[in-house]
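Residue strings, one per chain:
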Amino acid sequence: MTTRTDSVDTPAGEARITWHPAPARTARLVLAVSHGAGGGIEARDLRALAAALPAQGVTVALVEQPWRVAGKKVAAAPKVLDEGWRGLWPALAGPGLPVVAGGRSAGARVACRTAAELGAAGVLALAFPLHPPGRPEKSRAGELTGAGRPTLVVQGGRDPFGRPEEFPPPTAQAAYELVEVPHADHGFAVPKKAGPTQEETLEVITGAASAWLAGLPL
């Protein structure tokens, strides 16, 4: 299917959505994923999802926040990021399909903070920044456990923003699933000596997302 890019006006400025559509006859949901504070939608995990999931009936919408579209080098404040995401939501819901909110790093935080109020079908949190590197006391676990929607965390085994074993155990009130990506850092890069190749690592991510999305109660 042919991709397309739409510009969307939001209270935080102009944003962009690059659509990777599933075939119309099989499309069953939209996975909207945004980038982090240190990069854009060219991130390897976002591109891998956009390449793999449409064939499985998942339209992937890669979202560029207004600060990124404007060419700024520093991400906007969390409140402004949330405003941009809220402003995008009607466009993301435009195809008339359930929308799963997602993102990597700062984008994952935005998805968690806004999922319940926007009525997201679920949250896909890639490389969730549980805490700043070396500052475990500055935990952001409350954002994750407060998402209020079915949530999947995909986390690198050596992510300095939070290794899988640092995450709080799920509870009945704050349930989520976590998949570890062995040897991967915050950008899901793996050392050449680690064993798994970069391609195999990306397949762990896309496979986990695909299986979880297939099981969502839509």
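Summary of the structure given here. None of the values given here were measured: they were computed from a predicted structure.

Brief notes about the overall build of the chain
And then number 1: Broken down by element type, the chain carries six helices and eight strands.
And then number 2: Taken from the N to the C terminus, the helices and strands of the chain come in the order β-β-β-α-β-α-α-β-α-β-α-β-β-α.
And then number 3: Scaling as 2.2 N^0.38, a compact globule of 218 residues should have a C-alpha radius of gyration of about 17 Å, and the chain matches this with 16 Å.
And then number 4: The principal-axis extent of the C-alpha atoms belonging to the chain is close to 40 × 35 × 35 Å.
And then number 5: For the chain, buried positions account for 50% of its 218 residues.
And then number 6: Of the accessible surface of the chain, which amounts to about 9500 Å², a share of 54% is contributed by carbon and sulfur atoms.
And then number 7: Measuring between centres, the 22 positive side-chain charges of the chain sit 3 Å from its 20 negative side-chain charges.

Examining empty space enclosed by the protein
In this approach the atoms are scanned with a rolling probe the size of a water molecule, which exposes any empty space left behind.
And then number 1: Applying the stated criterion to the full structure yields one cavity of 30 Å³ or more.
And then number 2: Here the largest cavity is characterised by a volume of approximately 50 Å³.
And then number 3: The wall of the largest cavity is formed by S34, H35, G36, A37, Q65, W67, L81, A106, G107 and V110.
And then number 4: Along the lines of polarity and charge, the residues of the lining of the largest cavity split into five nonpolar, five polar and no charged.

Things to note about the layout of surface pockets
And then number 1: If you add up the space inside the largest pocket, you get close to 300 Å³.
And then number 2: Along its surface, the largest pocket is lined by 20 residues, and G36, A37, G38, S105 and A106 are the ones closest to its centre.
And then number 3: At the level of secondary structure, the elements contributing two or more residues to the lining of the largest pocket comprise α3 (78-92) and α4 (106-118).
And then number 4: Considering every element that reaches the lining of the largest pocket, the biggest residue donor is α4, with three residues.
And then number 5: Looking at the lining of the largest pocket residue by residue, the classes come out as nine nonpolar, six polar and five charged.

Here we look at the packing of α3 against α4
And then number 1: Interhelical geometry of α3 versus α4 gives an angle of 45° and a closest axis separation of 10 Å. In terms of orientation, α3 lies oblique with respect to α4. Seen along the crossing, α3 lies across α4 with a hand that is right-handed. Between α3, through P78, L81, D82, W85, R86 and W89, and α4, the contact on the second element is made entirely by V110, A111, R113, T114, E117 and L118.
And then number 2: Class assignment for the residues of the contact of α3 with α4 results in seven nonpolar, one polar and four charged.

Digging into the nonpolar core
And then number 1: Ranked by internal contacts, the top residues of the largest apolar core, which has 33 residues, are I17, W85, L88, W89, L92 and F128.
And then number 2: For this core, the secondary structure elements donating two or more residues are β2 (13-20), β3 (29-34), β4 (58-64), α3, β5 (99-104), α4, β6 (122-126) and α5 (141-145).
And then number 3: Looking at this core, the element that brings in the most residues is α4, giving six residues.
And then number 4: W85 has contacts with A32, S34, V63, Q65, L92, A101, G102, V110, A111, T114 and L118, leaving out every residue within four places of it along the chain.
And then number 5: Counting 29 residues, the second largest nonpolar core, distinct from the first, contains L53, L62, A127 and L213.

What counts, and where the lines are drawn
- Residues numbered from 1 in each chain as written.
- Predicted model: local features only at pLDDT ≥ 70, side-chain atom pairs only at ≥ 80, totals over all residues.
- Heavy atoms only, no water.
- Helix = DSSP H or I, 4+ residues; strand = E, 2+ residues; numbered from the N terminus.
- Rg over C-alpha atoms; globule rule 2.2 N^0.38 Å.
- Buried < 20%, exposed > 50% of the residue type's maximum accessible area, 1.4 Å probe, protein only.
- Areas by Shrake-Rupley, 256 points an atom, 1.4 Å probe, with all protein chains shown as cover.
- Lys, Arg positive; Asp, Glu negative; His and termini not counted.
- Charge placed at Lys NZ, Arg CZ, Asp CG, Glu CD.
- 1 Å grid on protein atoms, 1.4 Å probe; cavity = no way out; pocket = protein on both sides within 12 Å on 5 of 7 lines; lining within 4 Å.
- Points joined across faces, edges and corners; volume = space filled by probe spheres on them.
- Nonpolar A, V, L, I, M, F, W, Y, C, P; charged D, E, K, R; others polar.
- Axes fitted to C-alpha atoms, helices over the stretch in contact; angles between N-to-C directions.
- Parallel < 35°, antiparallel > 145°, perpendicular 65-115°, else oblique.
- Left-handed = near helix turned anticlockwise from the far one by under 90°.
- Contact = heavy atoms within 4.5 Å.
- Core = buried A, V, L, I, M, F, W, Y, C linked by side-chain atoms within 4.5 Å.

Read these as spatial facts, not as claims about activity.
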